[in-house]
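What follows is the residue order along each chain.
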Amino acid sequence: EVQLVESGGGLVQPGGSLRLSCAASGFTFSNYELNWVRQAPGKGLEWVSYISNSGRSMYYADSVKGRFTISRDNANNSLYLQMNSLRVEDTAIYYCAREGQPYNWFDPWGLGTLVTVSS
Amino acid sequence: DIQMTQSPSSLSASVGDRVTITCRASQSISSYLNWYQQKPGKAPKVMIYAASSLQSGVPSRFSGSGSGTDFTLTIGGLQPEDFATYYCQQSYSIPRTFGQGTKVEI
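Nothing here was measured: the structure is a model prediction, and the numbers come from that model. All residue numbers refer to positions counted from 1 along the written sequence of the respective chain. Ligands are numbered from 1 and chains lettered from A, in the order in which they are written. In keeping with the predicted nature of the model, local features appear solely for residues at pLDDT of at least 70, side-chain atom pairs appear and are counted solely at 80 or more, and the whole-chain, interface and lining totals rest on all residues. To get the side-chain values, take all heavy atoms of the structure and skip hydrogens and water.

(A) Spatial organisation of the pattern of salt bridges. What makes a salt bridge here is a side-chain nitrogen of Lys or Arg within 4 Å of a carboxyl oxygen of Asp or Glu, nothing more. Tallied over the entire structure, the rule returns nine salt bridges over all chains. With its nearest N and O atoms 2.5 Å apart, the salt bridge here joins aspartate 70 of chain B to arginine 24 of chain B. Here aspartate 70 of chain B is found in strand β8 (residues 70-76), whereas its partner arginine 24 of chain B is found in strand β3 (residues 18-25), with 46 residues between them in sequence. For aspartate 70 of chain B, a relative accessible area of 36% gives the class partly exposed. Linked through salt bridges whose partners overlap, the residues forming this network are Arg38, Glu46, Arg67 and Asp90 of chain A. Secondary structure follows DSSP: runs of H or I at least 4 residues long count as helices, runs of E at least 2 residues long count as strands, and numbering of each begins at the N terminus. The rule is simple: take the accessible area with a 1.4 Å probe, protein chains only, and divide by the maximum for that residue type; under 20% is buried, over 50% is exposed, in between is partly exposed.

Here you go:
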């Protein structure tokens with residue numbers, strides 16, 4: 001079964017850091033591009049970041065550029081999101097999602113991990 | 001960046017109704033348009049990809065159409081399990097932007 005499982009969420013103070021992980025199974029991890037998407041409480045979906053299958057190309061939403069870093073470990077089937085200088089407005093459920101080929105749809109999604117930024 | 005505009009933002013419908021949700025892109029995205037369903041407390045799930053391709057396991061009452069800038073998701077014969085929020089998403093370019101969502105309520 002193709003599966004993604006996020007971890008690493010929690011409560012952090014403004015200005016703090018957190019590292020999210022996404023463990024993949026059931027498919028050849030190194031063949032697929034991956035994304036992080038977040039959803040603030042009661043709000044819609046917001047794309048956060050993309051990484052190519054090799055890990056050489058990364059892109060970020062303007063709202064997180066310079067603060068968040070996406071990376072992957074193809075040997076261990078894992079995706080990461082390093083989040084620094086966290087703000088209250090970063091509070092959200094963070095999902096990892098695999099891109100399908102060739103039209104880049106997101107499937108599957110993980111269950112999500114909640115990040116709460118609050119003092 | 002490509003902006004995605006969905007309408008309506010919410011709608012009320014009854015079981016058995018035919019429901020149509022529209023999505024407009026701020027520039028041409030060919031057929032790089034996907035539709036997701038999200039139920040409360042759950043992750044989104046792809047229903048339609050590449051504008052009109054039905055994801056495996058999704059009931060055939062769901063259909064998608066359109067290309068370029070204008071797209072439609074149709075649910076032909078709403079079922080109780082279809083009450084949810086639906087999002088369109090363009091996957092033509094990065095950032096992979098989503099529409100604001102359409103909540104389908106009873």
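(B) Representation of the sheet that holds strand β5 (residues 45-49) of chain B within the structure. All names here are of chain B. Pairing between strands is defined by DSSP: at least two bridges between them are needed. One open sheet holds the six strands; their spatial order is β2-β10-β9-β4-β5-β6, and the pairing between them is mixed. The strands lining the two open edges of the sheet, one partner per strand, are β2 (10-12) and β6 (53-54). Two strands pair when backbone bridges link them, and strand β9 (residues 85-90) and strand β10 (residues 102-105) are joined in this way by two bridges, in the antiparallel orientation. Bridged to threonine 85 within β10 is lysine 103.

(C) Spatial organisation of the nonpolar core. For this analysis, a nonpolar core means a set of buried residues of the types Ala, Val, Leu, Ile, Met, Phe, Trp, Tyr and Cys, connected via side-chain atoms within 4.5 Å. Counting residues in each nonpolar core, the largest one holds 42 residues, and the members touching the most others are Trp36, Leu79, Leu81, Met83, Tyr94 and Trp109 of chain A together with Phe98 of chain B. Only heavy atoms matter for contacts: two residues are in contact if any of them lie within 4.5 Å across the pair. Setting aside anything within four residues of it in sequence, one finds tyrosine 94 of chain A in contact with Glu6, Leu20, Trp36, Val37, Arg38, Val48, Phe68, Leu81, Met83, Gly112, Thr113 and Val115 of chain A. Residues Val19, Ile21, Leu73 and Tyr86 of chain B belong to the second largest nonpolar core, which totals 25 residues.

(D) Focus on the pairing of strand β4 (residues 33-38) of chain B. All names here are of chain B. Within β4, six of the six residues are buried, leaving the element largely enclosed by the surrounding structure. Of the two faces of β4, the one holding Leu33, Trp35 and Gln37 and the one holding Asn34, Tyr36 and Gln38 are both buried throughout. Direction of pairing for β4 relative to β9: antiparallel, over a ladder of six bridges. If you follow leucine 33 over to β9, its bridge partner there is glutamine 90. Relative to β5, β4 runs antiparallel, the two sharing three bridges. In the sheet register, tyrosine 36 faces β5, and the bridge partner there is valine 46.

(E) Inspection of the packing of aromatic side chains at higher detail. Aromatic contacts are taken between Phe, Tyr and Trp rings whose centres are within 6.5 Å, Trp giving its six-membered ring; a plane angle under 30 degrees counts as stacked, one over 60 as edge-to-face, and the others as tilted. A full pass over the atoms with the stated rule returns 13 aromatic pairs over all chains. Both rings, one in phenylalanine 62 of chain B and one in tyrosine 86 of chain B, keep their centres 6.3 Å apart while their planes meet at 40 degrees; by these two values the pair is tilted. Here tyrosine 86 of chain B lies in strand β9 and phenylalanine 62 of chain B lies in strand β7 (residues 62-67), a separation of 24 residues in the sequence. Every member of this aromatic cluster is reached through a ring pair, and the members are Tyr95, Phe106 and Trp109 of chain A together with Tyr36 and Phe98 of chain B.

Just distances and angles here, no functional claims.
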